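Examination of the molecular architecture
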Amino acid sequence: MFDLVIRNARCASSSDVFNADIGIRDGRIAALGAIGDKAPEIIDAAGRLVTPGGVDSHLHIDQRKGQGRINADDFYSGTVSAACGGTTTVLPFAPQHRGEGIAWAAADYHERARKSVLDYNFHIVVTDPSHPDFDRDLAQAAAGGLRSLKIFTTYAAVGIADRDIVTVFAAARRHGFMVMVHCENTDIIDHVTQQLLAQGHIAPKFHLASRPTIAEAEAVFRICAYAELFNVPTMIVHVSTGRSLDVVALSRAKGTTLFVETCTQYLTLDGSLLDKPGHEGAKGIFSPPIRDAANRAELWRAVADGRIDVLSSDHSPYRFDEVEKFPNGFGASFDKIASGVPGVEIRMPLLFTQCVKEGRISLPEFVQLTSTNAARIYGLAPRKGDLTIGADADLCIWDENYDRVIDNAMMHHNVDFTPYEGLKVTAWPAVTLSRGEVISRYHEFCGTRGRGRFLPAMATAPHQDRTDAEKELEAFGLAW
């Protein structure tokens, strides 16, 4: 006997598409096949597609931004929004602020996450590796099931210098963490920004000019070097340009374990968003910026040929007001406007529309890019991320005949705009389940506050293959 059976499903896993009933017991997938009515609760999928729920491994919710401010979504509104768009597991960021220990940051975020309606883990943002408790706190975090660190190569408040990047990679190697990196050369950005401002170029559209592709590609090259030197699995987040993909390919050829993420906005938005009149262009300010059509086309090619591993939302919610998006006033120059846009709810439907419905990739590839790969890379597989026996019953039953133009009124985030306004989606999760419980039906959330659980991540796999950099050092008797 099962607790729930989903009958007549067209199932898509990370490796196959097949017809089956899905038997769910104790929140997990217990059987796939011809099951019939062996449960007190039956959902008839009526031939509709069923996929794993999404795993969004890059989003900012309930995140402190300094001076006591937080972004617009807390763990409740952020995860309700995610659930209504078919995402069932989230991995947001627990930020360390300078002068604070990592243990404090992790404890604070565990407390904030009590409101979550979805299962979660989180990444630790490292801004102060010189803190006296850094190494001890990392060991404690690893024991508590946190296994990923994030660092920035730009932004004054959070970016760290190369000597500190070395410290982070060495510590990640010791304690079994992977490292994810926001890659942009801060000195290039600062120099170009000052040149633009000196010429009176302050409008939102100049945000793109201030962050040229070479600024991203240079930082990617630098981070690839550290990843190779320390042989630490490394995720290059929100890649926006083909130049960065070329750098990663060179480093992978040297034995480096590198993963690449891009986000919904880099595939689906164009520069016209930044060029709207007045301060409306700020709805397109996020970093790295929107690129041109050639870079967007290269990203799509990389999605199709496997060079990109993960598609995330980088949900960064700011209300369009003088507290959050415009803390320096509506007339502020582009560099004084908060960088980030919402997107956790629209990620799965928009990517399904533009990836699968438009024939760019197969259903198993869609599952890999939006769910399986992130779960595997961040240590949550096999429990999360796939439609297989033993996995949690986190599932989406899709309506592939859905047809709607996106508008902010359909969203559940605590933000008063969406940059995706006016784009079209032709599919939406009709029913979303988390651990066998229906938590949303189309745009209606029907779960409960605080039902989400923390998921301890497994340790990064031991390194067997040596990178070229390690081999070079070993010739001189050096090893980590």
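Residues numbered from 1 in each chain as written. Predicted model: local features only at pLDDT ≥ 70, side-chain atom pairs only at ≥ 80, totals over all residues. Heavy atoms only, no water.

Under an unreviewed UniProt entry, the name given to the chain is Dihydropyrimidinase, and the source organism is Bosea robiniae. UniProt annotates the chain under Sequence similarities (unreviewed entry) with the comment "Belongs to the metallo-dependent hydrolases superfamily. Hydantoinase/dihydropyrimidinase family." The Cofactor (unreviewed entry) field of the UniProt record for the chain holds the comment "Zn(2+)". (UniProt positions renumbered as here; feature names shortened; annotations may be inferred.)

A word on the pairing of strand E13 (residues 178–182)
Both faces of the sheet carry side chains from a regular strand, because those side chains alternate between them. The element E13 is extensively covered by neighbouring structure, given that five of its five residues are classed as buried. Judged by which residues are buried, E13 turns out to be covered on both faces: Met178, Met180 and His182 on one side and Val179 and Val181 on the other are all buried. Bridge count for strand E12 (residues 148–152) against E13 is five bridges, and the pairing is parallel. Its bridge partner being in E13, Leu149 is matched across the sheet by Val179. (Buried < 20%, exposed > 50% of the residue type's maximum accessible area, 1.4 Å probe, protein only. Helix = DSSP H or I, 4+ residues; strand = E, 2+ residues; numbered from the N terminus. Pairing = 2+ DSSP bridges.)

Regarding the environment of Ser77
As for its position among the elements, Ser77 is in helix H1 (residues 75–84). For Ser77, a relative accessible area of 14% corresponds to the buried category. Along the primary structure Ser77 and Asp468 are separated by 391 residues, whereas in three dimensions their C-alpha atoms are 46 Å apart. Setting aside chain neighbours within four positions, we find Ser77 in contact with Ala72, His412 and Asn414. Within polar-contact distance, the side chain of Ser77 engages the side chain of Asp73 at 2.7 Å. (Contact = heavy atoms within 4.5 Å. Polar contact = N/O pair within 3.5 Å; in protein donor to acceptor, adjacent residues only side chain to side chain.)

Regarding the nonpolar core
With 105 residues, the main nonpolar core has Ile151, Phe169 and Ile308 as its most contacted residues. Take this core: its biggest share by element is seven residues, from helix H7 (residues 213–230). Those residues within four positions of Ile308 in sequence are excluded, and the remaining contacts are Leu245, Val260, Thr262, Leu299, Ala302, Val303 and Leu369. Counting residues in hydrophobic clusters, the runner-up holds 19 residues, among them Ala20, Leu387, Ile397 and Leu433. (Core = buried A, V, L, I, M, F, W, Y, C linked by side-chain atoms within 4.5 Å.)

A short note on helix H3 (residues 134–143)
Within H3 the residues assigned to the buried category are Phe134, Asp137, Leu138, Ala141 and Ala142. What you see down the axis of H3 is that its buried residues fit within an arc of 140°, all on one side. For H3, the exposed residues lying more than 90 degrees away from the buried face are Arg136 and Ala143. Looking at the buried side of H3, the elements it contacts are helix H2 (102–112), strand E11 (123–125), E12 and helix H4 (162–175). Following H3 by one or two positions, Gly145 adopts a phi angle in the positive range, close to 95°. (Arc of directions from axis to C-beta.)

Quick word on the pairing of strand E17 (residues 395–399)
Of all five residues in E17, five are buried; the element is thus mostly enclosed. Neither face of E17 is exposed, since Leu395, Ile397 and Asp399 on one face and Cys396 and Trp398 on the opposite face are all buried. Taken together, the five bridges between E17 and strand E20 (residues 428–434) define a ladder with antiparallel strand orientation. The partner of Trp398 across the bridge, within E20, is Pro429.

Topic: unusual backbone geometry
Residue Ser287 is joined to Pro288 through a cis peptide bond whose omega torsion reads -10°. Looking at the secondary structure, you find Pro288 in the loop between helix H9 (264–268) and helix H10 (293–305). Here the amide bond leading from Ala381 into Pro382 is cis, since omega sits at 5°, within 30 degrees of zero. As for its placement among the helices and strands, Pro382 is situated in the loop between helix H12 (363–377) and E17.

What to know about the environment of Asp314
For Asp314, the location among the structural elements is in the loop between strand E16 (310–312) and helix H11 (347–357). Overall, the relative accessible area of 8% leaves Asp314 in the buried class. C-alpha separation for the pair Asp314 and Gly36, spaced 278 residues apart in sequence, amounts to 41 Å. Apart from residues lying up to four places away in sequence, Asp314 is in contact with His58, His60, His238, Cys263, Gln265, Ser287 and Val341.

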